[in-house]
Amino acid sequence: MEDADRHGGLLFSKLIGFDAEGNPKNEVADSIEVNDGNTEYTITLKKGWKFTDGTEVKAENFTRAWSYGANAANAQLGASSFTPIQGFEDLQKDGLKGDEQLSGLTVADDYTFTVKLNAPSSVFKALLGSTEYAPLPDSFFDDPDSFGENPVGNGTYKFDSWDHNQSIKLSKNLDYKGSFPARNDGVWFMVYTDPQSAYADVEAGNLDSMNTVPASALSTFESDDQVQAVNEPGIVSRSFTFAALGPLCPNAFWRRGTRVSTTAGR
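Procedures and definitions
Residues numbered from 1 in each chain as written. Predicted model: local features only at pLDDT ≥ 70, side-chain atom pairs only at ≥ 80, totals over all residues. Heavy atoms only, no water. Pairing = 2+ DSSP bridges. Helix = DSSP H or I, 4+ residues; strand = E, 2+ residues; numbered from the N terminus. Axes fitted to C-alpha atoms, helices over the stretch in contact; angles between N-to-C directions. Contact = heavy atoms within 4.5 Å. Phe/Tyr/Trp six-rings, centres within 6.5 Å; stacked < 30°, edge-to-face > 60°. Buried < 20%, exposed > 50% of the residue type's maximum accessible area, 1.4 Å probe, protein only. Lys NZ or Arg CZ within 6 Å of the ring centre and 35° of its normal. Salt bridge = Lys/Arg side-chain N within 4 Å of Asp/Glu carboxyl O. Expected span 1.5 Å × (residues − 1). Arc of directions from axis to C-beta. Polar contact = N/O pair within 3.5 Å; in protein donor to acceptor, adjacent residues only side chain to side chain. Core = buried A, V, L, I, M, F, W, Y, C linked by side-chain atoms within 4.5 Å.

## A word on the sheet that holds strand E5 (residues 105-109)
- A sheet is described by the order of its strands in space; here four strands give the open sequence E3-E4-E6-E5, paired in antiparallel fashion. A strand with exactly one partner marks an edge of an open sheet, and here the two such strands are strand E3 (29-34) and E5. Ignoring strand direction, the axes of neighbouring strands in this sheet form an average angle of 20°.
- The sheet contact formed by E5 and strand E6 (residues 112-116) spans four bridges and is antiparallel. Within E6, the residue paired with Val107 across the bridge is Phe113.
- The sheet contacts of helix H2 (residues 59-70) involve strand E4 (40-45), E5 and E6, and relative to E5 the element is tilted by about 170°.

Spelled out as structure tokens, the structure:
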């Protein structure tokens, strides 16, 4: 199973989660209120929600995490997720130290903070369920590198061990208090460099599931009696991006033609 976001999704609970039908449900959030103009969100947290190191999840664990993710000095891949929040552009300037905070985030108390947006958005709440918007414990900011080797979350599962390029082991978080409790004692992620090898392990019963299908099995996996195939609509987004500069950048005519052909084929 190669999707890194799945690991984060199990280790971290966000302000909201989504049920099997895609409906949002409050997780760490007790309430999320929005003003009439859809430009300011007031978020109140549930008290007593803890990270697996025993520390409590508080408002600053969200605001500091989001600011860290948005700050260009920290070079986070998901930084653009915070574009809607006021102060994002200020955190893209040169000469930052990395600890500057998004000006649109204001902590009122340990369990309440507000988010001011650059423009009205009625769908901002949905972003709060993405992994980029997860909270981070104080220990992360003390030593991000060490945290990356031994992460501490607040989700359904907790981190046990990591054999680099081989496997990641998670176990059930017995202190989890949200709406999506684990139905097993743990999850073992196996790392594959070839989806064909992973599929062969599914067929042999050595791997429980995988979220992709090798090209060689695209036409046969649903009738393969050695696997339990699932091919249904889901909550997922797929995209591709053209290079903006350099020799690999296609001309405008080619990009426009690709857009027309993909839209017609939807």
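## Looking at the packing of aromatic side chains
- A complete count under the given rule lists 12 aromatic pairs for this structure.
- Measuring from ring centre to ring centre gives 5.1 Å for Phe140 and Phe141, while their planes differ by 85°; the resulting arrangement is edge-to-face.
- Judged by its relative accessible area of 9%, Phe140 is buried.
- Ring-pair connections join several aromatic residues into one group, and the members of that group are Tyr41, Phe62, Trp66, Phe82, Phe113, Phe124 and Tyr133.
- When the ring centre of Phe141 is taken as reference, the NZ or CZ atom of Arg64 above it lies at 4.0 Å.

## Here's the deal with unusual backbone geometry
- Look at Ala75: it is not a glycine, yet its phi comes out positive at around 50°.
- On the secondary structure map, Ala75 appears in the loop between H2 and E5.
- Not every positive phi belongs to a glycine, and Asn165 is a case in point at roughly 65°.
- Exposure remark for Asn165: the relative accessible area of 63% places this residue in the exposed category.

## As for the pattern of salt bridges
- One pass over the structure, following the stated rule, counts two salt bridges.
- Taking the shortest distance from any N to any O, the salt bridge between Lys93 and Asp90 comes out at 3.4 Å.

## Overview of the side chain of Thr63
- By the element assignment, Thr63 lies in helix H2.
- Judged by its relative accessible area of 5%, Thr63 falls in the buried class.
- If sequence neighbours within four positions are ignored, Thr63 has contacts with Gln101, Leu105, Val107 and Phe113.

## Notes on the pairing of E4
- Burial along E4 is one-sided: the residues Tyr41, Ile43 and Leu45 are buried and none of Glu40, Thr42 and Thr44 is.
- Taken together, the five bridges between E3 and E4 define a ladder with antiparallel strand orientation. Across the sheet, Val34 pairs through a bridge with Tyr41, a residue of E4.
- As judged from the five bridges shared by E4 and E6, these two strands associate in the antiparallel manner. Bridging from a neighbouring strand, Thr44 pairs with Thr112 of E6.

## Some thoughts on the sheet that holds strand E8 (residues 167-172)
- Read from one edge to the other, the open sheet built from three strands follows the order E7-E8-E9, with strand pairing classed as antiparallel. Among the strands making up the open sheet, the edge pair consists of strand E7 (157-163) and strand E9 (186-190). Across the sheet, the mean angle from the axis of one strand to that of its neighbour is 15°, orientation sign disregarded.

## Re H2
- With 12 residues, H2 should cover 16 Å at 1.5 Å per step; its first-to-last C-alpha distance of 17 Å lies within 8% of that length.
- In terms of burial, H2 is largely enclosed, as 10 of its 12 residues are buried.
- Three or more residues of H2 are buried, namely Ala59, Asn61, Phe62, Thr63, Ala65, Trp66, Ser67, Tyr68, Gly69 and Ala70.
- Close packing links the buried residues of H2 with E4, E5, E6, helix H4 (138-142) and helix H5 (144-149).

## Overview of helix H6 (residues 195-204)
- Listed as buried for H6 are Ala198, Tyr199 and Val202. Taken around the axis of H6, the buried residues stretch over an arc of 100°, which confines them to a single face.
- Where H6 begins, the side chain of Asp194 points an oxygen toward the backbone nitrogen of Gln196, at a separation of 3.1 Å.
- Looking at the residues trailing H6, positive phi occurs at Gly205, about 85°.

## Observations regarding the nonpolar core
- Core analysis: the biggest nonpolar cluster contains 46 residues, and Leu15, Ile43, Trp66, Ile85, Phe113, Val115 and Leu128 have the highest contact counts within it.
- Every element with two or more residues in this core is listed here: E3, E4, H2, E6, H4, E7, E8 and E9.
- If near-sequence neighbours (up to four positions away) are discounted, Ile85 is found in contact with Trp66, Leu102, Gly104, Leu105, Val115, Lys116, Leu117, Asn118, Phe124 and Tyr133.
- Ranked by size, the runner-up nonpolar core spans eight residues in total, among them Tyr199, Val202, Leu207 and Ala217.

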